[in-house]
Every structure is written in structure tokens, then in C-alpha cells.
Amino acid sequence: MSSTQPPKVSILVPIYNVEKLLPRCLDSIIGQTMTNIEIILVNDASPDDSLKIAQEYATRDSRIRIIDKPVNEGLMMARRSGINAARAEWVFFLDSDDYIPLNTIERLYNVATSANADIVVGNMYLENHAGRHVLRPRAHVAGPDGDAYLRAILSWTTCSLCGALFRRSILLAPSLPAFKNQLYSEDRILLTALLTTAKPRVATADVDSYYYCLNQESATHIRLSDERLCAQLKALTYCYDFLQSQTSDYTKLNDNYLLRYLSLYIEKGYSREIIRNFNDNTRRLLQFGVMKETTSTRFATHTWLAMHSALYRLTCTTARQIIRKIQGKD
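For the structure given in this document, a descriptive report is provided here. (Residues numbered from 1 in each chain as written. Predicted model: local features only at pLDDT ≥ 70, side-chain atom pairs only at ≥ 80, totals over all residues. Heavy atoms only, no water.)

What follows is about the overall build of the chain. Each helix and strand in the chain was counted, giving 14 helices and eight strands. For the chain, whose C-alpha radius of gyration is 20 Å, the value lies close to the compact-globule estimate of 20 Å for 330 residues. With the C-alpha coordinates of the chain rotated into their principal frame, the extents come out at 65 × 40 × 35 Å. Within the span of the chain, comprising 330 residues, buried residues form 53% of the whole. Sequence-distant contacts, at least 24 apart, represent 78% of the contacts inside the chain between residues at least 6 apart. (Helix = DSSP H or I, 4+ residues; strand = E, 2+ residues; numbered from the N terminus. Rg over C-alpha atoms; globule rule 2.2 N^0.38 Å. Buried < 20%, exposed > 50% of the residue type's maximum accessible area, 1.4 Å probe, protein only. Contact = heavy atoms within 4.5 Å.)

Below, the structure written as C-alpha cells:
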């Protein structure tokens, strides 16, 4: 397929080790009801046949452009390469193991133009191995501005970049972070900086815009080594420190957000010493009195028991696994 019209939306797809799932992703893009798009595939030095598959699709659709990176630099840098190469006013992020409904781009673009927004946020569905879909709603809380969107993220709304449309100009700010080989919380890092510094206008679209496919082999689902636990904590505390350095308006939410992550990792049986002693803020937040003041007596007691009782941790983890299976998230 070809198009003589200039693209209105650039769809950016980083590619790494996804040969089995990439065709599904690309088929969902090529079939979009909005046709004047460009499709930028960023091959992040993938060792499998993903590049070959991308090249085969490019021969059939002239809207596809391939950036073939000689060295793997990770998701943040792959997306940065795509943003720099994009020609459209709007950018849509899509991970190569996921896919989108065929009218996603058209529906989000129509909201973007009618609302004169900088970001348009749609809803996301989780898809488990059995094909069951579980809604992760965010359109009802993400707008109308960066402040509301950031508060929603700090209140546990998904922080994924995917399933939303971004005005490319706000993504080009040189101050936005892009770290090489960042394994965890890439989306959270970028969104925290973007929403805090760019002060964007945010519109919402109460439509299904993304299918996030749960992959048990991905970095976000495997059991973390101590080294990877530290990498995740580094990412979380980077966001915490960045937000604190910009304003004190979110301190309560910021404390609550980081503390709940620390508690979750302790509950899952990760090293309490690493988590508690990661830095001054983790030590402060995990004091019982601070936990009680930041959240509640019930939550503080739960975290304290998780820190000191292996049986309690096992009970909580088992209960959480059962709930996730009932919800269709595993």
C-alpha cells in the first residue's frame, strides 16, 4: 500500500526479539482506517528474524520505514530514534508484542484535532494467554491537563505511553530523559518528566485504543535478581526525586506511590535489606510511623508484617496470584 498524502500520524514500533508476535502487530497497523500514516520500525539490533519480517512487510507497504540500529540500546533510545525520524505532527507508541484495534489512530486523531490537545489518552486492555481482555481504564481520569494526568498516574492509573497520541513537538524537548539500556519503568520516567515540564493539554477518548498482551517472558514479568531489583528501584526513585525537585505539590502522592511499590516488592519476597536501605527516602518511608501517616494504619501493619513474617508474605503472594487469575491478568 502507498499514500501520496503527507502522514498525519507516525506510529513508532521498537523491535527486539519478537519474531513470533511481530506480524500480528504490523497487521493491526497496516489495516488502520486512517491510511495517511507512516510506520517507523526501529530494529534495536534484534538477534532473531524480526528484521527480516519487517523488511518483508516494507516491500508490501511503502508507508513503512525501517531504522536498523547496529547496537542494542534499549527501548527508551529506540523510541528516541523513532521520534527524531518522524515526519508527522502526531506520534503513537506501539510495542511490537502488542496490537491495536483497526480504528485506534483515526479515533484518537479526531479527538486531538477537535480538542486542540497535546496528548490524547485512550483506554487499554490487558490480554492474557487465553485471549481474555481486562480493561485498564484511564480516559476518565487522565485529563484535562498534565497535572490531572500525573495525579492519576501517582494514584495507580497505568503510566504506559502506548494507546495515547502525542504531539511530536512536546517530545522533542532536549531536557526529556532517554537512557541507554533502561530495563524498567521507561514509560514512567518519560511521562513524569513530560507532564511536569511541558504542561501539556490532555484530552481523553473513552475508546478501546490498545491491547497490551501479557508476556510471561518479558522483563516486567520475570523474577528479579538483586541487580535487577536495584535497577527497578533506581528507576522508581529517579521519578520520585525528579518530581520532588520540580515542585512540592505532589509530595503526599509521591510518598504514597513509592511506598506502595516498596511494600509490594517486600511482599513478593525480595530482599528487605536492599529495599529498605536503597537510599534515605526508602529508609524513611519504611518506618512504621511514616507508613501510617503516609497511608493508613492497616497498610503500615501489612507492610510491617510482610517485612518480618515469611508466612505472612507467602499468604499475601498466594492470595494476590489467585485474584490475578480470577481477574484474567495471568
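Alright, that's what it looks like, and here's the rest.
To continue, consider the environment of I67. Note that I67 resides in strand β3 (residues 64–69). Put simply, I67 and K234 are 167 residues apart on the chain and 29 Å apart in space, counted from C-alpha to C-alpha. For I67, the residues in contact, after removing those within four places along its chain, are I40, L41, V42, N43, S81, G82 and A85.

Applying the stated criterion across every chain yields a total of ten aromatic pairs. Considering the side-chain rings of Y257 and Y261, the 5.4 Å spacing of their centres and the 75° angle between planes classify their relative orientation as edge-to-face. Of the two residues, Y257 and Y261 both sit in helix α9 (residues 251–267), four residues apart, roughly one turn of that helix. Across this residue pair, the class does not change: Y257 and Y261 are buried. Three or more aromatic residues joined by ring pairs make a cluster, and in this case those are W156, Y257, Y261, Y265 and Y270. Over the aromatic face of Y57 sits the side chain of R60, whose NZ or CZ is 4.3 Å from the ring centroid. (Phe/Tyr/Trp six-rings, centres within 6.5 Å; stacked < 30°, edge-to-face > 60°. Lys NZ or Arg CZ within 6 Å of the ring centre and 35° of its normal.)

Turning next to the pairing of β3. Moving residue by residue along a regular strand, the side chains alternate between the two faces of the sheet. In this sheet, β3 lies alongside strand β2 (residues 37–44) in parallel orientation, the contact comprising six bridges. Bridge pairing in β3 places N43 opposite D68. Handedness of the crossover joining β2 and β3 through helix α2 (residues 50–60): right-handed. (Pairing = 2+ DSSP bridges. Right-handed = clockwise from strand over helix to strand, strands pointing away.)

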